[in-house]
Amino acid sequence: MGLAGLLQQDAIIPAMKANSKKQLIQELSAKAAKLTGLSEREIFDVVLQRERLGSTGVGNGIAIPHGKLPQLGAIFGLFARLDQPVDFEALDDQPVDLVFLLLAPEGAGADHLKALSRIARILRDPDMVMKLRATQSAPAIYAFLCDDQTSTAA
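Model, not experiment: these values are computed from the prediction.

Trainee: Honestly, helix H4 (residues 126–134) in this entry has me stumped. Any pointers?
Mentor: Residues separated by three or four positions in an α-helix point in the same direction, a consequence of the helix having 3.6 residues per turn. Of all the positions in H4, only Met-128, Val-129 and Leu-132 are classed as buried. Down the axis of H4, the sector holding all buried residues measures 100°, keeping them to one side. Of the residues in H4, the exposed ones pointing more than 90 degrees away from the buried face are Pro-126, Met-130 and Ala-134. Residues of H4 that are buried make contact with strand S3 (62–63), strand S5 (76–86), strand S6 (96–105), helix H3 (109–123) and helix H5 (138–146). Looking at where H4 begins, the residue whose side-chain oxygen comes 2.9 Å from the main-chain nitrogen of Asp-127 is Asp-125.

Okay, here's the thing in structure tokens:
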């Protein structure tokens, strides 16, 4: 599953401002609500509830917060590059500056896991991470994330 199926160009935030993990989740929830038509509060609550189980800060300045919403029609992704890294209680204790929010319908079981796996695999690529951190252009970030099929197809 490529990220082009999860991500739309208007779901890229190239320079998000946030001072804390909670504020970051609020900002992500607000943008996701605008794009999905779902309640910002509901998205925020689902993502925060998942974070309470354990941080989705996977290390190397990357976080993949996620959650399931019953009213969502399809898997939805949103990518943000932060102006300044924030403490996300990541596994390696490093602040986070690249965030991929993944929302899935309640019954998306295997597809949700496949999408999480694909996102993690792409964001583990040091060249990809370097490109994402080096650009502030939403179209360029979108192209990097969606045109990545060749380098991670192995």
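Trainee: So what exactly am I meant to see when it comes to the nonpolar core here?
Mentor: In globular proteins that are soluble, nonpolar side chains generally tend to be buried together. Core analysis: the biggest nonpolar cluster contains 54 residues, and Leu-24, Phe-79, Leu-103, Leu-123 and Leu-145 have the highest contact counts within it. With eight residues, the top contributor of residues to this core is S6.

Trainee: I keep staring at the pattern of salt bridges and nothing clicks. Help me out?
Mentor: Should their charged atoms come close, side chains of opposite charge can pair. As enumerated under the stated definition, the model contains five salt bridges in all. The closest approach of N and O atoms between Arg-41 and Asp-45, which form a salt bridge, is 3.2 Å. Highlighted residues: Arg-41 and Asp-45, both in helix H2 (residues 40–53), separated by four residues, approximately one helical turn. A residue is classified by how much of its surface remains accessible, and Asp-45, at 34% relative accessible area, is partly exposed. In this structure, the salt-bridge partner of Asp-97 is Arg-133, at a minimum N-O distance of 2.8 Å. Of this pair, Asp-97 sits in strand S6 while Arg-133 sits in helix H4, placing them 36 residues apart in sequence. Note on Asp-97: relative accessible area 14%, which makes it buried.

Thresholds applied
Residues numbered from 1 in each chain as written. Predicted model: local features only at pLDDT ≥ 70, side-chain atom pairs only at ≥ 80, totals over all residues. Heavy atoms only, no water. Buried < 20%, exposed > 50% of the residue type's maximum accessible area, 1.4 Å probe, protein only. Helix = DSSP H or I, 4+ residues; strand = E, 2+ residues; numbered from the N terminus. Arc of directions from axis to C-beta. Contact = heavy atoms within 4.5 Å. Polar contact = N/O pair within 3.5 Å; in protein donor to acceptor, adjacent residues only side chain to side chain. Core = buried A, V, L, I, M, F, W, Y, C linked by side-chain atoms within 4.5 Å. Salt bridge = Lys/Arg side-chain N within 4 Å of Asp/Glu carboxyl O.

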